[in-house]
Amino acid sequence: MSNASSSRSGTSAGVGPAGPAGPMAPVPQAPAVHPAATLDVALLALAVASVSFSAPLVAATAAPALAVAFWRNAMAVGALTPFALLRHRRELRGMGRGGVLLSVGSGALLALHFGAWLPSLHMTSVASSTALVTTTPIWTALLLRLRGQRPSGLVWAGMSVALLGVVLLTGVDLSLSTRALAGDALALVGGIAGAGYVVLGAEVRRTVSTTAYTYVCYGTTSVLLLITCLASGTALGGYSGATWLKLAALTVTAQLLGHSLINRVVKGLGPSITSTSLLLETPGAALIAALWLGQTPHAVAYPALGVILVGLALVVLADRRKPG
């Protein structure tokens, strides 16, 4: 009996077997990965894969750029309405002035992001537009700096490396024509607005659910883009059935799965990791265009993807080194 008891006590969880000098020190346990963090990473991967459909679908959709931006948000609001009003009505009513204002502000920035970037694709080269709009991580870090947060040198290094990968992939070819320069400026505005959208979204998501936040945000974006379309005389209808199907596919992939999941994970992963991860949209879009549209990527696409991943890994490593 005593031998059995002593055996059980000597092999209890985390304690090594008893030796001649007495029980050994507790066996160190490997740190467990938090399930929520693992889920956020998986959802972010799905979000990046989903937003990668954006550029190929926009390129294949026979509709004006501003109309595409409006319909992807308006359709998303329509899809979210049953969930928002039936399951989140009380939360929407109790969001408070601060939460509503930040969500509306985020929606305004998202409208500016779409309203500036999509038209730029028809004014300058796709390469220049893509490279400039993906400067979002830099502006995100600067905004966080203005709010009192100090991104580490490793974060800046990681973002710089990731942006270098995008430049390698797109091959920036800035033109001196007035139209091309205007398109470049619009793409840059789109990148800055995208940073504000991510930072405000992270703030709102501290206290508001994904559904309630995205409902107000996308609703604001839809209203502002509708006003812009009406003011500019952009045709909002008269499309073929195939065009409507592509608009629906764009809504499901890039908007509902892409942007909504980004808004879901930014609370846990933070704006720096989230915005830097979105640089993977560029090689993702290139892969989808190759498989669907027959646009074979250049040989440099593969090493460029590796450079982007290295940059992202540096940002993630810097985040894990943060105290607390």
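Use the structure listed above.
Quick summary incoming for the structure in this document.

Parameters at a glance
Residues numbered from 1 in each chain as written. Predicted model: local features only at pLDDT ≥ 70, side-chain atom pairs only at ≥ 80, totals over all residues. Heavy atoms only, no water. Helix = DSSP H or I, 4+ residues; strand = E, 2+ residues; numbered from the N terminus. Buried < 20%, exposed > 50% of the residue type's maximum accessible area, 1.4 Å probe, protein only. Contact = heavy atoms within 4.5 Å. Areas by Shrake-Rupley, 256 points an atom, 1.4 Å probe, with all protein chains shown as cover. Salt bridge = Lys/Arg side-chain N within 4 Å of Asp/Glu carboxyl O. Polar contact = N/O pair within 3.5 Å; in protein donor to acceptor, adjacent residues only side chain to side chain. Phe/Tyr/Trp six-rings, centres within 6.5 Å; stacked < 30°, edge-to-face > 60°. Core = buried A, V, L, I, M, F, W, Y, C linked by side-chain atoms within 4.5 Å.

**Considering the overall build of the chain**
If you tally the helices and strands in the chain, you get 15 helices and 2 strands. Within the chain, buried positions represent 45% of all 324 residues. Considering only contacts within the chain whose residues lie at least 6 apart along the sequence, 86% involve residues at least 24 apart. Total accessible area computed for the chain in this model is approximately 16,100 Å², and 69% of it derives from carbon and sulfur atoms.

**Thoughts on the pattern of salt bridges**
Enumeration according to the criterion identifies 3 salt bridges in this entry. For R264, the salt bridge identified is with D40, shortest N-O distance 2.9 Å. Remark: D40 occurs in helix 2 (residues 35–51) and R264 occurs in helix 12 (residues 241–269); sequence separation between them is 224 residues. Note that R147 and E203 form a salt bridge whose closest N and O atoms lie 2.8 Å from each other. Within this pair, whereas R147 is found in the loop between helix 8 (136–146) and helix 9 (153–170), its partner E203 is found in helix 10 (residues 178–204), the two being separated by 56 residues in sequence. Look at R147 and you get partly exposed, because its relative accessible area is 45%. You can call E203 partly exposed: its relative accessible area is 24%. Via salt bridges that share partners, R147, E203 and R206 belong to a single interconnected network.

**Digging into the environment of H113**
Its location among the elements puts H113 in helix 6 (residues 96–120). Relative accessible area serves as the criterion here: at 12%, H113 is assigned to the buried category. Taking the C-alpha atoms as reference points, H113 and Y197, 84 residues apart in sequence, are found 8.5 Å from one another. Leave out the neighbours within four places in its chain, and H113 touches V133, G190, A193 and G194. One polar contact links the side chain of H113 to the main-chain carbonyl oxygen of G190, over a distance of 2.8 Å.

**Side note on the environment of T136**
By secondary structure assignment, the location of T136 is in helix 8. The buried category is assigned to T136, whose relative accessible area is 10%. If we ignore the near neighbours within four places in the chain, the residues touching T136 are G191, G194, A195 and S275.

**Considering the packing of aromatic side chains**
In this structure the tally under the stated criterion is 3 aromatic pairs. Between W71 and W244, the aromatic rings sit 5.2 Å apart at their centres with planes inclined by 80°, giving edge-to-face as the arrangement. One end of the pair, W71, is in helix 4 (residues 65–87); the other, W244, is in helix 12, with 173 residues separating them in the sequence. An aromatic cluster of at least three residues, connected via ring pairs, comprises F70, W71, Y239 and W244.

**Things to note about the nonpolar core**
Ranked by size, the top nonpolar core spans 42 residues in total, and within it L92, L118, Y197 and Y218 carry the most contacts. Broken down by secondary-structure element, the contributors of at least two residues to this core are helix 3 (54–60), helix 4, helix 6, helix 10, helix 11 (210–232) and helix 12. At 11 residues, the largest contribution of residues to this core is made by helix 4. Among the nonpolar cores identified, the runner-up in size contains 23 residues, and I273, I308, L312 and A318 belong to it.

**A closer look at the side chain of H88**
Tracing the backbone shows H88 in the loop between helix 4 and helix 5 (89–93). Reaching out from H88, the side chain makes a polar contact with the side chain of E91 at a distance of 3.1 Å.

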